[in-house]
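# Structural overview for review
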There are 4 protein chains.
Amino acid sequence: MLNEIVEINRRHTSNGNVASYIPDLGKACKEDLGICIIDKDNKIYTAGEYDTKFTIQSVSKPIVLAMALMDNDWSHVFSKVGMEPSGDPFNSIMKLEMNDTKKPCNPMINAGAIVTTSLIKGDSVEEKEERMLNFFRKIAKNDKLSINYDVYNSEKRTGDRNRAMAYLLKNDGFIEGDVEEVLDLYFKQCSIEIDTVDLARIGTNLATYGVDIETGERVLSESVSRMVKTFMVTCGMYDASGEFAIRVGIPAKSGVGGGILASVPNRMGIGVYGPSLDKKGNSIAGLRVLEDLSRMLKLNIF
Amino acid sequence: MLNEIVEINRRHTSNGNVASYIPDLGKACKEDLGICIIDKDNKIYTAGEYDTKFTIQSVSKPIVLAMALMDNDWSHVFSKVGMEPSGDPFNSIMKLEMNDTKKPCNPMINAGAIVTTSLIKGDSVEEKEERMLNFFRKIAKNDKLSINYDVYNSEKRTGDRNRAMAYLLKNDGFIEGDVEEVLDLYFKQCSIEIDTVDLARIGTNLATYGVDIETGERVLSESVSRMVKTFMVTCGMYDASGEFAIRVGIPAKSGVGGGILASVPNRMGIGVYGPSLDKKGNSIAGLRVLEDLSRMLKLNIF
Amino acid sequence: MLNEIVEINRRHTSNGNVASYIPDLGKACKEDLGICIIDKDNKIYTAGEYDTKFTIQSVSKPIVLAMALMDNDWSHVFSKVGMEPSGDPFNSIMKLEMNDTKKPCNPMINAGAIVTTSLIKGDSVEEKEERMLNFFRKIAKNDKLSINYDVYNSEKRTGDRNRAMAYLLKNDGFIEGDVEEVLDLYFKQCSIEIDTVDLARIGTNLATYGVDIETGERVLSESVSRMVKTFMVTCGMYDASGEFAIRVGIPAKSGVGGGILASVPNRMGIGVYGPSLDKKGNSIAGLRVLEDLSRMLKLNIF
Amino acid sequence: MLNEIVEINRRHTSNGNVASYIPDLGKACKEDLGICIIDKDNKIYTAGEYDTKFTIQSVSKPIVLAMALMDNDWSHVFSKVGMEPSGDPFNSIMKLEMNDTKKPCNPMINAGAIVTTSLIKGDSVEEKEERMLNFFRKIAKNDKLSINYDVYNSEKRTGDRNRAMAYLLKNDGFIEGDVEEVLDLYFKQCSIEIDTVDLARIGTNLATYGVDIETGERVLSESVSRMVKTFMVTCGMYDASGEFAIRVGIPAKSGVGGGILASVPNRMGIGVYGPSLDKKGNSIAGLRVLEDLSRMLKLNIF
């Protein structure tokens, strides 16, 4: 069934485009479409280009949020970043100025994600980076996860819009510490290389409320796991989050690398890869795959 | 337990204020706090001022949306109103002008709700009003529901901001027909008088995916029931929807009359009444009651 | 020389379009271009279609402002409408909501002009209309000025955007009295039929600081005459006012009927007609005519 | 007479505050108020603290604009910065995102001024700085003008909001070259130390259309001199420019250091110093002095 869903939806890839703002993303194969599902009994199902590597990009935002929520008092985190969906594109600056508080709306848009990254603890830049990478490795159950330095360097070189946001956030007191160091860590988190199996593992952990289904180890607290999934529902798919909730009804987070992380509470984690994006930055065929899957397996949580 | 939750949270009523923009709402008793729960086995639990009457106000929006979705092709409905949370106050006009499409963001903010009301079918103004009232009576299982004409007349007299929105929506092609007639029906839907038992009944119907738990009659299709609950999660509590989803995690819709309609899929419907409002227009003690209830009964859907 | 300037610039008419939002404006002849200059010695120069009739539209705004400033305390007028250029299109609603005060930025944008119209004194709708029309006749020295009722009816029928603004202004306390009556008077002032000789007469009166050059009668006080010219400089050409000030440097006000009223202090009044408009709503060839004229006659006031 | 005007208006200094965003500005004496007038016959009139030194801040913007207009094709300059008043505070970022073009509205707001600074020619950072400083010395006829490095260092350290703007402008293609180098030059231009005599000299040069009244040397072309005065009228006093044009009617530019540069075409240049600022950042008593002066000497150009 999974193969069928992938093959039927592969034609939608021609209606989108791979991200082109940095050269390395532009090299992705537009026709690729892959999926991996891991259910709570640890059964693994795959189809299509499920093992192609790509950079995690914005899918890193909920994971880093989970870390920030474990590293800090929640009240401190939410004094720096809001909880509300914004209805604006992911890289909007305007809202930062219009809100009375100037606070970024939520941790899933760039401004809020940069603030979230600044909350990761560590005595040095190196320690922060190492802690972050280790956390991604643990939740994805993959010790080989690493940073794609070509992508990282491109992000850094072309990141003036994110840099503008970060300086504004610094000016308004939402970022402490050195702006360029925070941005460096942010560009690194976005450049972690993964595949759909890694994403499915992360989704499964969220689905089981933070417990590793094989070892029984608790990676996230139940509350943090719920919070992360809630943000994925209200703000996970950029300014198409509302429509995705209506059509699919699963907590999910997309990235411009083509990845989508989805998690069905109590049932399964899903990783999707399809680098051909629609205008809002979501995988155009990946959305269809999840919509079909939700309908067939009755995954809608509402 | 319910009595305890109500009595503990009643003190929060002193931190808010009853709505004052129309005289009749200002007459509500600020200390009031009541709740009714009806579970899917039709067991009814009540506490506090559960049977005080109040006007439904914005809680009418998801119900009228359900009607509009049954009266029209979905594609037609969503060509007139969007699916995205806006992050703006309920009565924002600005977003109408800033969006490329000028389309109201979603059916839970005033602009979108007025459009939704304009989609109700009927050969005459009277027929539309009758159909609407009958639908509310059916889903609330209460034949006595009727319009509070004092409130309706006040709404109409002081409704210049809604009138401004409606003329802008007319100008941009999102409202067909006569603006004053649409507004008249909108002010009537907001002025329907209910209590928490009525709200709990509606919530139970949504929780059972549209089926009347006593008669087995299908009042809403399953898909419409899911859509309505999804909008309640992403946009049901004005610009505090995101925070409510994080803290409580239940589909819910509030109104400035002090009511909150909540629905826990597969489990129960909840009606809350507490006319003392916070700055965003939500019942200040009602929010706390639902937060406590969610934690105690593990109602969070994420 | 005037004929030459007109004929050289007539070719620019093909790069614009006549206003089409109401049918009667669409009937104008796109190639038309005419001008009338009256200097302070009462010498009259004309060229092109100088005597074609058209509706005054937004060119009425500075004249009605002059009336409002004579009918009311200035502090009252400026408590209802601001003095600042907005940089926004003439029909922007957004700014009304974004400003802390909600006050319309200035009397030259639609929102501010509607407020200005509401300040005209009169015991009845009829008296206000009569006073207004008489004032236009006096300052233009033309007893035959009258309202084009076809245009007025079209404006009224299609004026939902202005209606939206007016209800918002009413809601926020900037309009007193009945909104539909204010709009009615506003649509009438916009529908007064004039030609370039009438506009040049008005411009001459402003150039001589309010004194009729033939009779010596004072029509406006010196201060009111200065205020009106100042608003024409800072906000007279919609969101191209700044560019016009740089390129031409003369107080001027345009309208979508194709008219431009210009006034060179101490020297002359100018009326231009060219119904082919650029994207910002200004006469596309009329702007060029004034630019050439300013350079040749050294009219730039800066 | 000048002494009287200064002494009468000195009491208004108590209604404002000196700028405090950098420590050095906060050291200014709030009660100070001084003026210098130089007419076109080179007569000099002074009163109050006319020779107190202060940093030029935003008053540098029209001077650097003049340089940029002489260093570049005008069409190139205006492809990078607009000509329209914005109606927004001087440090607004929002407008950069809302405009279709993303282009800063005009050279008098910070975003536009930073772009203007980036257009100054020079083979090295040092050469640009030297050329700029020499131009200020020449137009102010004061070889001793120099940079206050304490203020410059403070500006640089606390300039994150300007930094945010500059990175956004870089991202959108309005700044070429290195952002930090452009900002460095911008912070230096703002930190030039002057007094009211220097400002009056600059104003006199603008009043005589660019010609040095003593030597007869042309410092600016006539057109550049007109352009600069036009921008001073439409955008010179932040978001109080419209009101200043109405009340005073003289081309003028203010800075948060407390200075105001004014220029009455064909008549005189005026420098004012009064570091107590109103909420919009203009010298609170300085505005009154200019208003009185305009009324007494009939300086209003409209």
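Residues numbered from 1 in each chain as written. Chains lettered and ligands numbered in written order. Predicted model: local features only at pLDDT ≥ 70, side-chain atom pairs only at ≥ 80, totals over all residues. Heavy atoms only, no water.

### Details of the side chain of Ser154 of chain C
Residue and element names in this part refer to chain C. Of note, Ser154 is situated in helix H8 (residues 149-157). Since its relative accessible area comes to 4%, Ser154 is described here as buried. The residues contacting Ser154, other than those within four sequence positions of it, are Ile22, Pro23 and Asp24. (Helix = DSSP H or I, 4+ residues; strand = E, 2+ residues; numbered from the N terminus. Buried < 20%, exposed > 50% of the residue type's maximum accessible area, 1.4 Å probe, protein only. Contact = heavy atoms within 4.5 Å.)

### Some thoughts on the UniProt feature "binding site: substrate" (unreviewed entry) in chain A
All names here are of chain A. Here the UniProt-annotated "binding site: substrate" (unreviewed entry) positions come out as Ser58, Asn110, Glu155, Asn162, Tyr186, Tyr238 and Val256. Summarising the element assignment, Asn110 is placed in helix H6 (residues 110-118). A relative accessible area of 6% means that Asn110 is categorised as buried. Inspection of the secondary structure assignment puts Val256 in the loop between strand E6 (252-254) and strand E7 (259-264). Looking at Val256, the relative accessible area reads 12%, which means it is buried. Sequence-distant contacts of Val256, defined by excluding residues within four places in its chain, comprise Ala19, Tyr21, Leu25, Gln57, Tyr238, Leu277 and Gly281. (UniProt positions renumbered as here; feature names shortened; annotations may be inferred.)

### Thoughts on the interface of chain A and chain B
Taken residue by residue, the interface counts 30 residues in chain A and 30 residues in chain B. The contact between chain A and chain B buries some 2,600 Å² in all, and 67% of this surface belongs to carbon and sulfur atoms. In this assembly, chain A and chain B are joined by 0 salt bridges. Counting residues per element, the ones that place at least two in the side of chain A that touches chain B are helix H5 (94-98), helix H12 (222-235) and helix H13 (241-247) of chain A. Broken down by element, the side of chain A that touches chain B gets its largest block of residues, 8 residues, from H12 of chain A. Tallied by class, residues from the side of chain A that touches chain B come to 14 nonpolar, 7 polar and 9 charged. (Buried area = accessible area lost by both parts, 1.4 Å probe. Salt bridge = Lys/Arg side-chain N within 4 Å of Asp/Glu carboxyl O. Nonpolar A, V, L, I, M, F, W, Y, C, P; charged D, E, K, R; others polar.)

### What to know about the relation of the copies chain A and chain B
Rotating chain A by 180 degrees and moving it 0.0 Å along the rotation axis overlays it on chain B with an RMSD of 0.0 Å. On this basis, the relationship between the two copies can be described by a two-fold rotation axis. By residue overlap, the copies meet face to face through one surface: 100% of the interface positions of chain A are interface positions in chain B. (Least-squares fit on C-alpha atoms with pLDDT ≥ 70 in both.)

### As for the sheet that holds E6 of chain A
Residue and element names in this part refer to chain A. Ordered in space as E2-E1-E8-E7-E6, the 5 strands form an open sheet in which the pairing is antiparallel. With one partner strand each, in any of the chains shown, strand E2 (44-48) and E6 form the two edges of the open sheet. Direction aside, neighbouring strands of the sheet carry axes that sit 10 degrees apart on average. One ladder, built from 6 bridges, connects E7 with strand E8 (residues 268-273); its direction is antiparallel. Residue pairing for E8: Gly259 is matched across the bridge by Tyr273. Docked against the sheet, helix H11 (residues 196-207) engages strand E1 (34-39), E2, E7 and E8, running at close to 150 degrees with respect to E8. In this fold helix H14 (residues 284-297) packs onto E1, E7 and E8, with an angle of close to 150 degrees to the strand it touches most, E8. (Pairing = 2+ DSSP bridges. Axes fitted to C-alpha atoms, helices over the stretch in contact; angles between N-to-C directions.)

### A look at the interface of chain D and chain C
In this assembly, 30 residues from chain D lie in contact with 30 residues from chain C. Summing both partners gives a buried area of about 2,600 Å² for chain D against chain C, and 67% of it is carried by carbon and sulfur. Interface area lost by chain D to chain C is led by Glu84, Ile246 and Phe302 of chain D, which between them contribute 29%. Here chain D and chain C share 0 salt bridges between them. In this assembly, chain D and chain C are joined by 10 residue pairs in polar contact (both at pLDDT 80 or more). Looking at the side of chain D that touches chain C, the elements with two or more residues in it are helix H5 (94-98), helix H12 (222-235) and helix H13 (241-247) of chain D. Broken down by element, the side of chain D that touches chain C gets its largest block of residues, 8 residues, from H12 of chain D. In terms of residue class, the side of chain D that touches chain C is made up of 14 nonpolar, 7 polar and 9 charged. (Polar contact = N/O pair within 3.5 Å; in protein donor to acceptor, adjacent residues only side chain to side chain.)

### Considering the arrangement of the chains
Over all C-alpha pairs, chain A and chain C never come within contact, reaching a minimum spacing of 8 Å. Contact between chain B and chain D is absent, and the minimum C-alpha spacing across the pair is 8 Å.

### A word on the environment of Gly242 of chain A
Residue and element names in this part refer to chain A. Here Gly242 is to be found in helix H13. Residue classification places Gly242 among the buried residues on the basis of a relative accessible area of 1%. Distance in space between the C-alpha atoms of Gly242 and Leu133 is 31 Å, their sequence separation being 109 residues.

### Here's the deal with helix H9 (residues 160-171) of chain D
Residues and elements named next belong to chain D. Counted at 1.5 Å a residue, the expected span for H9 with its 12 residues is 16 Å, and the 16 Å between its end C-alpha atoms agrees. Across the 12 residues that make up H9, a large majority, 10, are buried. For H9, every residue scored as buried is listed here: Asp160, Arg161, Asn162, Arg163, Ala164, Met165, Ala166, Tyr167, Leu168 and Leu169. Positive phi appears at Gly173, one or two residues downstream of H9, with a value of about 85 degrees. (Expected span 1.5 Å × (residues − 1).)

### Re the packing of aromatic side chains
Considering all chains together, one arrives at 18 aromatic pairs over all chains under this definition. The interplanar angle of 5 degrees and the centroid separation of 5.6 Å between the aromatic rings of Tyr167 of chain A and Tyr167 of chain D together place this pair among those described as stacked. Remark: Tyr167 of chain D occurs in helix H9 and Tyr167 of chain A occurs in helix H9 (residues 160-171); the pair is interchain, linking two chains. Across the pair, Tyr167 of chain D and Tyr167 of chain A agree in class, each one buried. Taking 6.1 Å as the distance between ring centres and 55 degrees as the angle between the ring planes, the aromatic pair formed by Tyr186 of chain C and Phe187 of chain C counts as tilted. Considered together, Tyr186 of chain C and Phe187 of chain C belong to a single accessibility category, that of buried residues. Positioned above the aromatic ring of Tyr238 of chain A, the side-chain terminus of Lys253 of chain A is 4.4 Å from the ring centre. (Phe/Tyr/Trp six-rings, centres within 6.5 Å; stacked < 30°, edge-to-face > 60°. Lys NZ or Arg CZ within 6 Å of the ring centre and 35° of its normal.)

### Quick notes on the environment of Glu127 of chain B
Following the sequence through the fold, Glu127 of chain B ends up in helix H7 (residues 125-139). As for Glu127 of chain B and Ser58 of chain B, which are separated by 69 residues in sequence, their C-alpha atoms are 22 Å apart.

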